[in-house]
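Topology and contacts: notes
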Amino acid sequence: MAQTPAFIFNVPETPEDQGQEPSPYDESEVHHSFHQLIQEQSQWAAEEGLELQQRVPEADTLGASGSGHQAFLGPEGVPDYSTATLRILASMPSRTIGRSRGAILSQYYNRTVRLRRRSSRPQLRGVGRSARPSLRLYDLELDPMAFQEEEKRILLVKELQGLTVAQRDHMLRGMPLSLAEKRSLREDSWIQKGKQRGPQGRRGLFSCCSRLRYACVLALHNLGLVLLSGLQALTPWRYALKQIGGQFGSSVLSYFLFLKTLLAFNALLLLPLLAFIVGVQAAFPPAPSGSVPAFTGLELLTGGGSFSHSAMYYGYYSNATLNQPCSPPRDGGQCTPDAGGLPYNMPLAYLFTMGVAFFITCITLVYSMSHSFGESYRVGSTSGVHAITVFCSWDYKVTQKWPSRLQQDNIRTQLKELLAEWQLQQGPQSVWGRLRQVAVLGLVWLLCLGTTLGCTMAVYAFSELMIKSPVSAEREWELLALPLVVCLLNLGAPYLYRCLAALERHDSPMLEVYVAICRNLILKMVILAILCYHWLGRRVGALKDQCWENFVGQELYRLMVMDFIFMLLDTLFGELVWRLISERKLKRKGKPEFDIARNVLELIYGQTLTWLGVLFAPLLPAMQIVKLLFLFYVKKTSLVANCRAPRRPWLASHMSTVFISLLCFPSFLGAAIFLCYAIWQVKPSSICGPFRTLNTMYEAGKVWVRHLEKAGPKVSWLPWIHRYLVENTFPIYLVSAVLLAVIYLNIQVVKGQRKVICLLREQISNEGEDKIFLINKLHSVYERKERSRVGRAHEAETPPTLLADEQDAR
Amino acid sequence: MGQCLRYQMHWEDLEEYQALTFLTRNEILCIHDTFLKLCPPGKYYKEATLTMDQVSSLPALRVNPFRDRICRVFSHNGVFSFEDVLGMASVFSEQACPSLKIEYAFRIYDFNENGFIDEEDLQRIILRLLNSDDMSEDLLIDLTNHVLSESDLDNDNMLSFSEFEHAMAKSPDFMNSFRIHFWGC
């Protein structure tokens, strides 16, 4: 704890002070340490006298910020502090931090002392800079022994000598002093340690060897920087994104950033599939079964025809072990591979690669979601964004004129968004208005859900119709009917929702967007669920003797292609044509707004389709990547040409978090459930694919485990793991219980932290009030002293004149 | 850079600079080279000084809206010695520790140098950021009040250093944005 020095307060009492309002002396029992502090500060200020020159011209600035203070008003109505008060205020710890060398030296002295003595007192972060004396250990400012800056410096040097070289250099580097002062500190701590100053030859310049070496090193460094800047230029769309952000704001930018994220996810998914499944099978192509139809243009749309016998679909992959150069002996025993061959068990590879790819995607998704949450939400603070925007928004790395102009636009838009959001938070409402709003909201929701149900029934009925009337090989284009219907519904229903949403009036545009997203999402997910049931429940039965996995893969391919075509058409008609119409026919200048919610949901929908279909068509992620690349340029061009920034600018700081969460929860989770069901429960078709002889796809794994059990004792731990950890249900319960306990603990910790933050804030504002109170009291003390001194001087002048008057009177 | 670099620097000085700043040896040598190009020829680098205008017109600082404050904070008596320039580059380098950056950011943003960032400072920061004077008065006052209501914890209408540090610690953007690559070498 801080030392509480003995209390001595020797401001001389003047006779006029007694009998007036209670003086600070009476409160001495309560304010021991602060009195001492003020006394010492006034003594230093008197001795140094440095601060006085800076203080006096700035007396006005102190006075200007007086709103809401109980300040002592001078004749002009502005707080008028005496010079003595100003001197004290100037040397307040909170003001001298960062300015005076003495304060820096003492602060770093404290730090080194702590470092050396390894104090075990738990420290709050950055407590060294706190203005509260009691929180500082070994505080020089309260220590009556060391006052002068020179003495502080000597103490610091002594402490530095006690550290190791590395620690000392690290501490010196972090000090906010000028380099010259750091050098002198370093020299001093070295000289007194008695070390050698370094190798002789101080006067010598570089030898030519080291000059050459440095020239080489610099050239390499140059090269490195050029490469780095080249790589940064290659970072896709960096300048385009900055341009979009500058012109349209961060909300529209979040859509394009999300697109970029999806691209990364697809690339991550595609790599293992290419390496372990597609590549290997392409190196050992299976014997073509039957005739392969010729390529007609229709395959690009339907995915059937010549594509069905390509690496695109599940049916292409063999169910045997590849690259086994010997034929199995007749007695059914093992086949020993030759020296050059490496057997590759295709079914196992297919199963494992799919599982591992999905697992990696899951981990990456959860990690990026938690990372996003961590950045947007802070415990105890709802919106600290204003201060951050003002102080962090200028990117100091920008060194050119045009990008700096972009930055200014960006900052201006961001600031306007922030203020708009704050303005919307005000505005109370009457009870009647609230009730009406709730009723309208309920009605609109009912209508929307009804529409969803209607769409679902339509899709179900149409899919049943498609089953009942099978399509022959010549009329493959009829297969496009179902995807067409689905896409039309997906296109039309959101417009209907938008019309209905115009009836209800939300205060915050963010809530509007969230509600719109919710409705669209429900529609899309329900339709996909119906389609999944249709495929796994009905089609498997309907296509008993055919390759149903190929069919499902093709269906998903068709859905993706149709979705892409409709997105392009929507951009064309929804934005370009609308703008032309509104400019020519309606003679309005209003460009359409860029509908962020709808576009984001379309992206999520497309990604869900990819994830659903990857088991049956391993090359689907490649298609998705091509589609996303194309989409970026189309959307960007359309945005710049046809759209304008959202009418009510709103903050999109949490939007990316929301998008990623939506991608994770309904989208990826649904796809994972679909995948698990397909692997565990559905019987694969018997004529195609890597699992044609098995009852479920998962059996390939079981077969392999049994194979390993027979292989011998060396790998017996794997079957053991499989039997006791994977097939047994007890470990799952245990892991869930542990997870739940951890989550509960974290929630409690966060709650506790919130409480602590609230209490600390209250404490800080109380301290602020204390400070103002003390400043005013201090001022009144000095004011009284001034007045009494002036009064005494006046009295000293008058007696001679009085005497003279008396003499005259006599 | 094809021309020869004039190595007037002693080995010990280079080692010392490298130990005391967050710069690498190559960066120090690059700065040394640029410094010599700008200062009057024939002078020993330790005695030469640059004016604030010369430093303000460096490509790294040319479009920075706070360049005059940066020059003011890092110079001594209105001029830059070589060590002042090194100190400035060290604070703005990528490896500098957050506490140092926050410290100097506070000094830079404190326009009237009274040890606090008050309303007047905030308004000047905002105007400088937008580089225009056509921001409406209400908007400016609104924004300033917002910043203060969020970050000013002891209700004195000014941001002290601790409050500034607390606000910046919450933001990952600060460390990223408060960086300058000074020397195109």
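Computed from a predicted structure; not experimentally measured.

Calculation criteria
Residues numbered from 1 in each chain as written. Chains lettered and ligands numbered in written order. Predicted model: local features only at pLDDT ≥ 70, side-chain atom pairs only at ≥ 80, totals over all residues. Heavy atoms only, no water. Helix = DSSP H or I, 4+ residues; strand = E, 2+ residues; numbered from the N terminus. Buried < 20%, exposed > 50% of the residue type's maximum accessible area, 1.4 Å probe, protein only. Contact = heavy atoms within 4.5 Å. Areas by Shrake-Rupley, 256 points an atom, 1.4 Å probe, with all protein chains shown as cover. Patch = residues over 30% accessible without salt bridge, like charges linked within 9 Å, V, L, I, M, F, W, Y side chains within 5 Å. Salt bridge = Lys/Arg side-chain N within 4 Å of Asp/Glu carboxyl O. Expected span 1.5 Å × (residues − 1). Arc of directions from axis to C-beta. UniProt positions renumbered as here; feature names shortened; annotations may be inferred. Core = buried A, V, L, I, M, F, W, Y, C linked by side-chain atoms within 4.5 Å. Phe/Tyr/Trp six-rings, centres within 6.5 Å; stacked < 30°, edge-to-face > 60°. Lys NZ or Arg CZ within 6 Å of the ring centre and 35° of its normal. Disulfide = S-S within 2.5 Å. Lys, Arg positive; Asp, Glu negative; His and termini not counted. Polar contact = N/O pair within 3.5 Å; in protein donor to acceptor, adjacent residues only side chain to side chain.

Digging into the overall build of chain A
Looking only at helices and strands, one finds 26 helices and two strands in chain A. Residues counted as buried form 42% of the 810 residues belonging to chain A. For chain A, contacts bridging at least 24 residues in sequence account for 77% of all contacts bridging at least 6. Accessible surface, chain A as shown: approximately 44600 Å² in total, 63% of it carbon and sulfur.

Remarks on a nonpolar patch on the surface
On the surface, Trp717, Trp720, Ile721, Tyr724, Leu725 and Val726 of chain A cluster together into a nonpolar patch covering about 620 Å² of accessible area. Structurally, Trp720 of chain A can be placed in helix α25 (residues 717-726).

A few points about helix α7 (residues 119-130) of chain B
Residues and elements named next belong to chain B. A rise of 1.5 Å per residue sets the reference length of α7, with its twelve residues, at 16 Å; its end C-alpha atoms lie 17 Å apart and thus fit the reference within 8%. Those residues of α7 that sit buried are Asp121, Leu122, Ile125, Ile126, Leu129 and Leu130. Along the axis of α7, the buried residues cluster in a sector spanning 160 degrees; they form a single face. Where α7 ends, the next residue or the one after it, Asn131, has phi of about 55 degrees, a positive value.

Quick notes on the UniProt feature "domain: EF-hand" (unreviewed entry) in chain B
Following the UniProt record, the feature "domain: EF-hand" (unreviewed entry) maps to residues 97-132 of chain B here. Its end C-alpha atoms 33 Å apart, residues 97-132 of chain B is made of 67% helix and 6% strand.

Examining the nonpolar core
Ranked by size, the top nonpolar core spans 112 residues in total, and within it Leu531 and Leu615 of chain A carry the most contacts. Of all the elements, helix α12 (residues 250-283) of chain A adds the most residues to this core, at 15 residues. Apart from residues no more than four positions distant in its own chain, Leu615 of chain A is found in contact with Tyr314, Tyr350, Met354, Leu675, Ala678, Ile679 and Met697 of chain A. Core analysis: the second largest hydrophobic core is formed by 87 residues, Met171 of chain A together with Phe22, Leu23 and Phe106 of chain B among them.

Looking at the packing of aromatic side chains
The full count for this structure, using the stated rule, is 29 aromatic pairs over all chains. Measuring from ring centre to ring centre gives 5.5 Å for Phe632 of chain A and Tyr633 of chain A, while their planes differ by 85 degrees; the resulting arrangement is edge-to-face. When the ring of Phe106 of chain B is compared with that of Phe161 of chain B, the centres are 5.3 Å apart and the planes differ by 90 degrees; the resulting orientation is edge-to-face. You can see Phe106 of chain B sitting in helix α6 (residues 98-109) and its partner Phe161 of chain B sitting in helix α9 (residues 161-169), a full 55 residues away along the chain. Residue classification places Phe106 of chain B among the buried positions, given a relative accessible area of 4%. The class for Phe161 of chain B is buried, based on a relative accessible area of 2%. Grouped by ring-pair contacts, the aromatic residues Tyr314, Tyr316, Tyr317, Tyr350, Trp548, Phe616, Phe674 and Phe691 of chain A constitute a single cluster. Looking at Arg107 of chain B, its charged tip hangs above the ring of Tyr104 of chain B, at a distance of 4.7 Å from the centre.

Topic: unusual backbone geometry
All names here are of chain B. One non-glycine residue, Glu113, lies in the positive phi region at around 55 degrees. Within the secondary structure layout, Glu113 lies in the loop between α6 and β3 (117-118). Non-glycine residue Asn157 carries a positive phi angle of around 60 degrees. Residue position: Asn157 is located in the loop between α8 (137-151) and β4 (158-159).

Examining the state of the cysteines
All names here are of chain A. Under the criterion given, the structure shown has one disulfide over all chains. Between the sulfur atoms of Cys547 and its disulfide partner Cys688 the distance amounts to 1.7 Å. In this structure, the disulfide formed by Cys547 and Cys688 twists by about 90 degrees around the S-S bond and is classed as right-handed. Residue Cys547 is located in the loop between α19 (509-542) and α20 (548-584), and its partner Cys688 is located in the loop between α23 (655-680) and α24 (699-711); the two are separated by 141 residues in the primary sequence. Pair check on accessibility: Cys547 and Cys688 agree, each one buried.

Points about the side chain of Asp121 of chain B
Relative to the elements of secondary structure, Asp121 of chain B occurs in helix α7. Of the side chains bearing the opposite charge, Arg124 of chain B lies closest to the buried Asp121 of chain B, which forms no salt bridge; the N-O distance is 5.3 Å.

Describing the environment of Arg538 of chain A
Residue and element names in this part refer to chain A. Positionally, Arg538 belongs in helix α19. In this structure Arg538 comes out as partly exposed when scored by relative accessible area, which is 30%. Taking the C-alpha atoms as reference points, Arg538 and Ser463, 75 residues apart in sequence, are found 9.6 Å from one another. Those residues in contact with Arg538 that sit more than four places away from it in its chain are Glu464, Ile467 and Tyr533. At 2.8 Å, the side chain of Arg538 forms a polar contact with the side chain of Glu464.

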